[in-house]
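# Residue-level structure breakdown
Given next are the chains, with one letter for each unit.
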Amino acid sequence: MTGLLSRLTGRLFTPRWQHANPAIRSAATDQLDPEIPDQRKILETLILEDDALEVRHAALTRMQSPERLLPLLDRADGLVRERLIELLSGGQDAPSLLSREQLVERLDDSELLSAVASRGDNQQLRLTALSRLEDEEALIHQACHNTIAAVRHAAAARITSQAGLERLVRDAKRDRHVQRQARDTLAQRRADAQQADALAASRDNLLRQMEKLPRQAWEDSVPSRYRSLLREWERLPAADYEIQQRFEEARQQAHKVISDHEAREEAIRAHERLSANLNTHLEEILSAVDQAREDLYSRDCVNDHDFASLQAQRRLQGERWSELTDQFSAPAELLERQQRLQQQLQDALDAWHRHQLCQGELDAALVDNDIDQLRRLESEVAWPAGLPQTASLSAVRQAISAAQPEEPTEAAQKQDALDGSPAQDAESADASRAADGKASLDLDALDAELARLEADLDAGKLKPASRLHRSLRDRTEGQLDNARQTRLRQLGARVAELRDWQNFVAAPKREQLLEAITTLSERDDISDEQRDRQHQQLIQQWRELGDAAASRDASQAFRTASDAIKLRLRDYRESRKQLREHNLAMREALCEQLESLNGHAMDDADPDSLRQIRDRAREEWRRHTPVPAGPGRQLSHRFGEALTALQGLIDSRAGQIAAAKQALVDAVEALANEDSPARARAEQAKALQSRWREMGRAPKGEEQRLWAAFRAACDRIFAARDQDREDRDSREQARLDQWQALIERLDSWEPETLEDAALLDDALKEADTLGPLPRGKRGDGMRRRWTGILKRREQRLDELHALQLREEWQQWRDLLEQHAVADASARNGDVQDVELPNTSAFDDNSRQANAARNQMRQALPSNCSAANERLAELRVHLAILFEAPLGSEDESRRLTVQVARINQQLGERMEREEELDEVLDALLANGPLDWDAWQTELPRFDALFNH
């Protein structure tokens, strides 16, 4: 009673949606509101878990919001998906179109989107769903089967694959527009593909030609072909990056080859031009140096500026000389003249340096009038004869002459004449000539000097004009004719006029310089380096004015301002002095290094390394500047001598290398003219190239000439090698073609009889004549095919041979069978002969064996065991010939047969066919046999011939 009550109570109080009756549960869903979370969960439970279809359907009907059904899509069956499609497509209880479009825009389910695109109640809704589709299969379905044309067209427009377009052409029968559009797209793609293939073929052709261009032998048409290929490439559309990069690399290589060739040609032409004008250039350099020396020696009095100009001109022309002699060898006479001029200039510079060292002592001795000190200093200076004297040295000699009032002897006068310079002071020279009364005027030289005086006046050169006018006036006083005296007087008036004019011009210039140096001494806004440079410029400009518009007050004011600037620059100049000392030490160390190198250089030193040392030494020398004037000039002379020695070593080594490279050029040219194999000559040329690279460089011009000749000969050798390789490739190609024809002919042939073996032998002989197939992809493939064809043809011939052997065995078998029957009949007293059939299977030996067998039968022995054993041995012999297996009972017979075969073939090896014929003849001659033994062995013989 309690259990029944409990069940009734449970039924009464259980919710209706959990009732056992599906109809009640289905009706209960009408009371559930999906907007209430708890009731919505009940509906979701019924949708997902209820067993009754009508209950799930009723619960789904209550769910009218697609957003509520989307979370259930992955856990429910197809009923939920169908309900969701119905709601999204605009079916019963569907929400508004706007909300459905917004929801579709967020969907990712391809099947759901495809269904909405097919069943949507609005075209825009379908297009929205279609835009979310990514699966091409779904797009193809929409393009073929959608009921709205706009959707079909939109779907077809998104299909891009080749297979998809082909399916549209095949399946889109509902919409001719889609079908035609797909067909047009495919046709356009095919046309594009063909055009792309044509462009690719054109690009490949141009690329191969451009890549081949740098490797081929040089021809005059190479630049024009290069430009033609470049124009054709530029006319084509842009290629892929890799192809474009390959072409660009090939173009750069070709351009480099062409540029290098043109540069070599231009260098050769320039070298030839320079070589042709070498003597002219060297003569110009020597003339410039000689002119600088003549200018120095033609002066009446020399100073610092004259020697600085001489040193600068010497350095400039020396660099030009070194640049030319680095490339060419100077003629011996010009080289000797250059060395002589350099020595003269160096003597003058060395004297000037000694004079500079003694300048302070000379000034002090002149002030003190210390004659002994003056004589010692004059001897120490050792001023060269013929070199114009400085003002200090002239004063020294005047002081020494004044201290010796006695008349000089004739020998002393001659010595004084030798010691005096051509440009000595005019007053002393004229006084000497007037004293002895032996001077005579050179009218031509005098006219030349007058012309030079007039030219100096025309050029506005006051100082040389004043000196020359004073010299002419003093030397020719009272000795000129009226015309020359009048001309000299006119020129003197022009000198005075020029002096007055320069004084007029120099006056404001002096005021400007005085104002500028005063301002410079007071300025604080410039650096010491700028102050010192401007100070030196102002002093130089003041000195260049000379005596024009000079006054004591202005000179004193200028000197005072200059001293003030020097005081301010004292620390700067001290640091500059220390820098000069440091640079001097560095230059001295550099000279020592070069001298050490010149003294210990190896005979096989690399001239390139020596050139680098020379250039670095020059850079190092220029970098360590400034230096003190006196020691710096001595070091300059020392550095020049070291560089000259180093250059001589470079020239010597470069000359040796040039001779060695000339030998290599001769060797490679002889090699190019030989008739030996091109490959061997190319290998020898490579060895010569390695030797060339191991050598240093010859003089620049010689190196270019030698390299051009060496390169041309090597190009000829490698061109011959390439031509030989092309010929060999052509021959190999022709041989491959012949092989191909042979293989094709043999492949199409099938032997029908054994006589066709001769055709196979002919093919093998032809193959031996052609030689082995070359290595390579094609050759290996042809070799495998040839081997396979030979194997199949040999197998076919073996089959034909076996068939023929079996046919012949059948004839032999019948004959042997007849003899066995005759042997059995002979035992019964009926002796009969067996006739040999007249067929090709039997020869004369067979006839003799048959006759012997008939004779044996007539003398029938009582025991046939020997013949039976011989029959078994012959069977074993055949098994050995046919390489057939044998039983253990035949092992002893095998040994007997093998020994007999060895003994039989000691004289000459027998062919297999001959041995088979002998075995058959022996089998025919063996008898008489026992019938049982024959019947026992006959199946074994049949098995052997069928093996």
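The coordinates are above.
What comes next concerns the included structure. (Residues numbered from 1 in each chain as written. Predicted model: local features only at pLDDT ≥ 70, side-chain atom pairs only at ≥ 80, totals over all residues. Heavy atoms only, no water.)

### Structural notes on the overall build of the protein
For the protein, the count of helices and strands is 40 helices and zero strands. Counting every position in the protein, which comprises 947 residues, the buried fraction comes to 36%. Excluding contacts between residues fewer than 6 apart, the proportion of contacts in the protein whose partners are at least 24 apart in sequence is 70%. Accessible surface, the protein: about 54,700 Å² in total, of which carbon and sulfur atoms supply 48%. (Helix = DSSP H or I, 4+ residues; strand = E, 2+ residues; numbered from the N terminus. Buried < 20%, exposed > 50% of the residue type's maximum accessible area, 1.4 Å probe, protein only. Contact = heavy atoms within 4.5 Å. Areas by Shrake-Rupley, 256 points an atom, 1.4 Å probe, with all protein chains shown as cover.)

### Quick notes on helix α7 (residues 97-104)
Those residues of α7 not exposed but buried are Arg100, Glu101, Leu103 and Val104. Projected onto a plane normal to the axis of α7, the buried residues spread over an arc of 165° and lie on a single side. (Arc of directions from axis to C-beta.)

### Some words on the packing of helix α33 (residues 700-747) against helix α34 (residues 757-770)
Between α33 and α34, the least distance of the axes is 11 Å, while the angle of their chain directions is 170°. Judged on the interaxial angle alone, α34 and α33 are roughly antiparallel. Facing α33, whose interface residues are Arg735, Gln738, Trp739, Leu742, Arg745 and Leu746, α34 presents Leu760, Ala763, Glu766, Ala767 and Leu770. A class-by-class count of the residues in the contact of α33 with α34 yields seven nonpolar, one polar and three charged. (Axes fitted to C-alpha atoms, helices over the stretch in contact; angles between N-to-C directions. Parallel < 35°, antiparallel > 145°, perpendicular 65-115°, else oblique. Nonpolar A, V, L, I, M, F, W, Y, C, P; charged D, E, K, R; others polar.)

### Examining the packing of aromatic side chains
Inspection of every chain in the model, using the stated rule, returns nine aromatic pairs. Geometrically, the ring pair formed by Phe307 and Trp383 is edge-to-face, given 6.3 Å between the ring centres and 80° between the ring planes. Of this pair, Phe307 sits in helix α17 (residues 304-327) while Trp383 sits in the loop between α20 (371-381) and α21 (391-402); the two residues are 76 residues apart in sequence, bridging distant segments of the chain. Residue Trp383 is classed as buried on the basis of its relative accessible area of 9%. With a centroid separation of 5.2 Å and 85° between ring planes, the pair formed by Trp739 and Trp786 is classed as edge-to-face. With Trp739 in helix α33 and Trp786 in helix α35 (residues 777-827), this residue pair connects regions lying 47 residues apart in the sequence. For the pair formed by Trp739 and Trp786, the shared burial category is buried. Through a chain of ring-to-ring contacts, the aromatic side chains of Phe307, Trp352 and Trp383 assemble into a single cluster. One cation-aromatic arrangement involves Arg293 over Tyr297; the distance from NZ or CZ to the ring centre is 5.6 Å. (Phe/Tyr/Trp six-rings, centres within 6.5 Å; stacked < 30°, edge-to-face > 60°. Lys NZ or Arg CZ within 6 Å of the ring centre and 35° of its normal.)

### A short note on the side chain of Arg875
For Arg875, the location among the structural elements is in helix α37 (residues 865-881). If sequence neighbours within four positions are ignored, Arg875 has contacts with Leu886, Asp890, Arg893, Glu937, Arg940, Phe941 and Leu944.

### Quick notes on a negative patch on the surface
There is a patch of like negative charges on the surface, built from Asp843, Asp844, Glu911, Glu913, Glu914, Asp917 and Glu918. No other element matches helix α39 (residues 912-925), which puts four residues into the negative patch. Residue position: Glu913 is located in helix α39. (Patch = residues over 30% accessible without salt bridge, like charges linked within 9 Å, V, L, I, M, F, W, Y side chains within 5 Å. Salt bridge = Lys/Arg side-chain N within 4 Å of Asp/Glu carboxyl O. Lys, Arg positive; Asp, Glu negative; His and termini not counted. Charge placed at Lys NZ, Arg CZ, Asp CG, Glu CD.)

### Points about the side chain of Ser114
Topologically, Ser114 is positioned in helix α8 (residues 110-119). A relative accessible area of 14% places Ser114 in the buried class. In this structure, Ser114 is in contact with Leu133, Ala138 and Gln142, ignoring residues within four places of it in sequence.

### Here's the deal with the environment of Arg580
Inspection of the secondary structure assignment puts Arg580 in helix α29 (residues 570-600). Excluding residues that lie within four positions of it along the chain, Arg580 makes contacts with Pro626, Val627 and Pro628.

### Notes on the packing of α37 against helix α40 (residues 931-945)
Look at α37 against α40: their axes get within 10 Å of each other, and the N-to-C directions meet at 10°. One finds that α37 runs roughly parallel with respect to α40. Contacts between α37 and α40 pair Asn868, Leu871, Ala872, Leu874, Arg875, Leu878 and Ala879 from the former with Ala933, Trp934, Glu937, Arg940, Phe941, Leu944 and Phe945 from the latter. Across the contact of α37 with α40, the residue classes tally to 10 nonpolar, one polar and three charged.

### With respect to the pattern of salt bridges
Close approach of charged atoms lets side chains of opposite charge pair. For the coordinates displayed, the defined rule picks out 37 salt bridges. A salt bridge links Glu703 to Lys661; the shortest N-O distance between them is 2.9 Å. Taken as a pair, Glu703 in helix α33 and Lys661 in helix α31 (residues 629-673) lie far apart in primary sequence, 42 residues in all. By relative accessible area, Glu703 is classed as buried at 12%. On the accessibility criterion, Lys661 (2% relative accessible area) is buried. Taken together, the shared-partner salt bridges connect Glu744, Asp747, Glu750, Arg785, Arg792 and Arg793 into one network.

### Quick word on the nonpolar core
The tendency in soluble globular proteins is for nonpolar side chains to be buried side by side. Leu69, Leu88, Val104, Ala143, Ile159 and Leu168 are the most contacted members of the largest nonpolar core, which has 42 residues in total. The residues touching Ile159, leaving out its near neighbours within four places in the chain, are Glu136, Leu139, Ile140, Ala143, Gly164, Leu165 and Leu168. Counting 35 residues, the second largest nonpolar core, distinct from the first, contains Leu815, Leu836, Val876 and Ile880. (Core = buried A, V, L, I, M, F, W, Y, C linked by side-chain atoms within 4.5 Å.)

### Concerning unusual backbone geometry
Residue Pro626 is reached from Thr625 by a cis peptide bond, and omega for that bond is 0°. Examined against the element boundaries, Pro626 turns out to sit in the loop between α30 (607-623) and α31. For Ala382, which is not glycine, the phi dihedral falls at a positive 50°.

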